[in-house]
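Architecture and fold: a report
Listed below, chain by chain, are the residues.
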Amino acid sequence: MTAASPHVTTTSPHLTAASPETAIADARERIDVLDDRIIGLVQERMAVSAVVQQTRIASGGRRVNLSREMEILGRYRDALGKPGTSLAMTLLELCRGRV
């Protein structure tokens, strides 16, 4: 497309309406809100995982289900690439402890 194309604009209203400092501050505020939500979701995941572990152990099973963990690792890797595997490992460790 060229600059004359009706679908292309040379300036973004978000970039021209605020100074770079304001745009950065706004984005950081949004990141803080997202981080708070992520932390809350991780805490919720930890609580649900504890129920799964307690139930599995109470019924004579093992604390860790390795095939399920492999599914989770694959899911994160597929969605986020190689760093997703590290993120999933961290989540698993938070939720079930070290193996």
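Refer to the structure presented above.
Residues numbered from 1 in each chain as written. Predicted model: local features only at pLDDT ≥ 70, side-chain atom pairs only at ≥ 80, totals over all residues. Heavy atoms only, no water.

The N-to-C vectors of helix H3 (residues 66–80) and helix H4 (residues 82–96) enclose an angle of 145 degrees; their axes lie 7 Å apart at closest approach. Where H3 crosses over H4, the handedness of that crossing is right-handed. Only Lys-82, Pro-83, Gly-84, Thr-85, Leu-87, Ala-88, Met-89, Leu-91, Leu-92 and Arg-96 of H4 make contact with H3, whose side of the interface consists of Glu-69, Ile-72, Leu-73, Tyr-76, Arg-77 and Leu-80. The residue makeup of the contact of H3 with H4, split by class, is 10 nonpolar, two polar and four charged. (Axes fitted to C-alpha atoms, helices over the stretch in contact; angles between N-to-C directions. Helix = DSSP H or I, 4+ residues; strand = E, 2+ residues; numbered from the N terminus. Left-handed = near helix turned anticlockwise from the far one by under 90°. Contact = heavy atoms within 4.5 Å. Nonpolar A, V, L, I, M, F, W, Y, C, P; charged D, E, K, R; others polar.)

Our next topic: the packing of helix H2 (residues 20–58) against H4. H4 packs onto H2 with a crossing angle of 55 degrees between their chain directions and a minimal axis gap of 8 Å. Relative to H4, the element H2 lies oblique. The crossing of H2 and H4 is right-handed. Packed against H2, whose contacting residues are Val-42, Arg-45, Met-46, Ser-49 and Gln-53, the element H4 presents Leu-91, Leu-92, Leu-94, Cys-95 and Arg-96 at the interface. (Parallel < 35°, antiparallel > 145°, perpendicular 65-115°, else oblique.)

Attention now goes to the layout of surface pockets. Empty space left among the atoms is revealed by rolling a probe the size of a water molecule over them. Estimated volume of the largest pocket: approximately 620 Å³. Of all elements in the fold, only H2, H3 and H4 reach the threshold of two or more residues within the lining of the largest pocket. If one sorts the elements of the lining of the largest pocket by residue count, H2 sits on top with nine residues. Looking at the lining of the largest pocket, its residues break down into 15 nonpolar, four polar and seven charged. (1 Å grid on protein atoms, 1.4 Å probe; cavity = no way out; pocket = protein on both sides within 12 Å on 5 of 7 lines; lining within 4 Å. Points joined across faces, edges and corners; volume = space filled by probe spheres on them.)

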